[in-house]
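Here are the chains, one letter per residue:
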Amino acid sequence: MAEINADAAWTVEGYDVDAVRSKYKQERDKRIRADGPNQYRFISRDGDLAEYVKDPYVERIEREPVSDEVEATVIGGGFAGLLLSARLRQAGITSLRVVEQGGDFGGTWYWNRYPGIACDVESYVYLPLLEEVGYMPTEKYAKGPEIFGYCQMFARHFDLYRDALLQTRVTDVRWNEDDGVWIVSTDRGDRFRSKYVCMTFGTFLHPKLPGIPGIEDFRGTSFHTSRWDYEHTGGDSYGNLHKLRDKVVGVIGSGATAVQCVPMLAKDAEHVFVFQRTPAIVDVRENRPTDPEWVASLEPGWQRARIENFSACIAGEETDVDLVDDAWTRVFHHLRKTRPVTGSQAEAMELADFQHMESIRARVGEIVHDPVTAEALRPYYRFLCKRPCFHDEYLQAFNRPNVTLVDTHGKGPDRVTENGIVVAGEEYRIDTLVYATGFASIRQDLKTRLGYDVFGRSGQALSDKWKDGISTLFGAQTHNFPNFFVVSYFQTGVASNQTHPLDEMAKHISNIIREARDRQATTVDITEAAEDEWVQTVISSSTASADFLESCTPSYYNNEGQPDLALFRRNGPYARGILPFSKLLAEWRSSGEYAGLEFE
Ligand code: NDP
């Protein structure tokens, strides 16, 4: 726990701001590509590159199609679906079906099992409903298997396996006006009725491959990090990749996933080549086991208080203490609390940003021995142009004799061949190729992203309604789609701890459904006027700035260097943040008026 000095002001004497700006611009310009977001190879489950998205973890279980009726259906069994289902159970919904394409609950924690996987948001705030479920994580930053195990425990606790359809993909959701129900169809031939349907989105749902020619030519073993091939590597998420001892491994990518799996590969592979396009921001992590004395000191309600404190610290709100006290809260505290000594607030923020990034670059130099490698690993862009990473073994791995950084100077490899990877005309021969190249952006068109469409009143398709931008009330409902709810990051409160807004949405939606039940309403919809007003509120709350987005090095944060500001504002979050958003929802609920809703 750290005391907060609310008057912190950073001084910047001797700092050559113009030189830093110019260096950032130079590095960004190297990476700008005309094809922007279209540079990637998107993987289609049924066609192109389908082997890269096959589920390597379970055998397909055959079953008969279902054709029954349930009260509520939740599409997606990741944390959004888990939280929503839990809150629906608490609201008294017993007839509840989760439909999930994976073989179990967990979402991103089901698919991502690569060695070294962990969550770098503190587990005591990230794992939701710990007090309700009766669990305490074993470490400050829980590893993937523990989180995946918690998802299963959570599903058992709220009795979600009953009626769930796993290994099942929704193909169509259609409103039947005559009967006042939704008809849900799936790829298993199911066709069942549901009074309420709740859709979750999945931020990291569709793995993507780099747009490098020759991917199909490679003769060794290759896979994406979200479908790790343990048959080939041996070991598990904790390491011991013993089958790689005589293998040369190539990793394409150097984002948050690569930062976690490269140190594990380095321990076991004969050699590891990391093909880097842009270096990540790698801050300290300082993981530690959960302290039993601290656990014994906790009072009921501790988790809610800690979650809110974390979000308040990240938002730079006035708080007396920083309960989480880690690299996340410390950096946001400095960035948001910075006050200008001279000049404008924006300039002061930029200087604080420069200073923080300077400390990140200095850390590289302190850890990495070879000066050329160290320089290549220094990130030259503003904090929050990319998702920051936290790790205490990644930079260290480049001091090992069996790890080589292949810096592609912002361009990426030229091509993949039968035997390896070519960079600047030189072929690196490899046996195993790991694509740590991330996921399709949430800005992908709706139908491609979800793999199904939703047809509301008069047969209107959701993909059509939202083709020029999303329109909702509180991110949760959209007009003319009665008894239909959405949990996503669009038009809702934003937070670094992603389960915080998910739970706020889950509470909001379950409250509306309970109210509809109490009123014995057949349908609950929202008015067009309420929807329009919320869209305007979201747009006007936005702090997205064209200058900032365009000056950033490309990433999925700025649509790979091609930001569409109007769409960012509309399809973005309610930018005042998760705590004001939660307060707004709580006040809306407690008034009892349910303004903007139509119960019939
Ligand atoms: P990212 O999209 O963050 O990173 C993809 C990487 O692939 C980048 O380094 C990118 O380079 C690189 N790349 C893409 N194309 C090429 C190419 N042609 N040649 C070379 N490199 C290429 O994906 P991740 O899977 O790393 O992370 C996705 C998200 O998952 C994160 O942003 C984070 O939100 C989440 N995550 C969270 C974790 C946690 O602890 N909570 C842990 C891991 C992931 P470039 O930067 O140049 O585009």
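Looking at an unreviewed UniProt entry, one finds the chain named Phenylacetone monooxygenase and attributed to Pseudonocardia dioxanivorans. According to the UniProt record, the Cofactor (unreviewed entry) comment for the chain is "FAD". Entered under Sequence similarities (unreviewed entry) in the UniProt record, the comment concerning the chain runs "Belongs to the FAD-binding monooxygenase family."

Student: Provide a residue-level description of the layout of surface pockets, including the pertinent values.
Tutor: Taken as a whole, the second largest pocket encloses approximately 620 Å³ of empty space. Surrounding the second largest pocket, 27 residues form its lining, Val53, Lys54, Asp55, Pro56 and Val58 being those nearest its centre. Of all the elements in the fold, those that place two or more residues in the lining of the second largest pocket are β9 (221-224) and α7 (230-233). The biggest single contributor to the lining of the second largest pocket is β9, with three residues. Residue composition of the lining of the second largest pocket, by class: 10 nonpolar, five polar and 12 charged.

Student: For helix α10 (residues 302-315), give the residues involved together with the corresponding values.
Tutor: Under the 1.5 Å per step criterion, the end-to-end length of α10 is 20 Å for 14 residues, consistent within 8% with the ideal 20 Å. Judged by how many residues are buried, α10 sits mostly within the fold: 10 of 14 residues are covered. Taken together, the buried positions of α10 are occupied by Trp302, Gln303, Arg306, Ile307, Asn309, Phe310, Ser311, Ala312, Cys313 and Ile314. The first or second residue beyond α10 is glycine 316, which carries a positive phi of 75°.

Student: So what about the sheet that holds strand β10 (residues 248-252)? Which residues, and what values?
Tutor: One open sheet holds the five strands; their spatial order is β9-β19-β10-β11-β15, and the pairing between them is parallel. Two strands bound the open sheet, and with one partner strand each, they are β9 and β15 (403-407). Shown here is a sheet whose adjacent strand axes are inclined to one another by a mean of 20°, direction ignored. In this structure, strand β11 (residues 271-276) lies alongside β15, joined through five bridges in parallel fashion.

Basis of the calculations
Residue positions are given per chain, counted from 1 along the sequence in the order it is written. In keeping with the predicted nature of the model, local features appear solely for residues at pLDDT of at least 70, side-chain atom pairs appear and are counted solely at 80 or more, and the whole-chain, interface and lining totals rest on all residues. Side-chain figures throughout are based on the complete set of non-hydrogen atoms in the structure, without hydrogens or water. UniProt positions are given in the numbering used here, feature names are shortened, and annotations may be inferred rather than shown by experiment. Think of a 1 Å grid over the protein atoms and nothing else: a 1.4 Å probe that fits but is trapped marks a cavity, an open set flanked by protein within 12 Å on at least five of seven lines marks a pocket, and residues with an atom within 4 Å of a point count as lining. Grid points are joined across faces, edges and corners, and a volume is the space filled by probe spheres set on the points. Segments assigned H or I by DSSP are reported as helices when at least four residues long, segments assigned E as strands when at least two residues long, and all are numbered from the N terminus. Gly falls in the polar group here, along with every residue not listed as nonpolar (Ala, Val, Leu, Ile, Met, Phe, Trp, Tyr, Cys, Pro) or charged (Asp, Glu, Lys, Arg). In a helix, the anticipated span is given by 1.5 Å times the number of residues less one. Exposure is judged per residue with a 1.4 Å probe applied to protein chains only, and the accessible area is read against the type maximum: over 50% gives exposed, under 20% gives buried, and values in between give partly exposed. What makes two strands pair is DSSP finding at least two bridges between them. Note on geometry: axes are C-alpha line fits, over the in-contact stretch for helices, and angles between N-to-C directions span 0 to 180 degrees.

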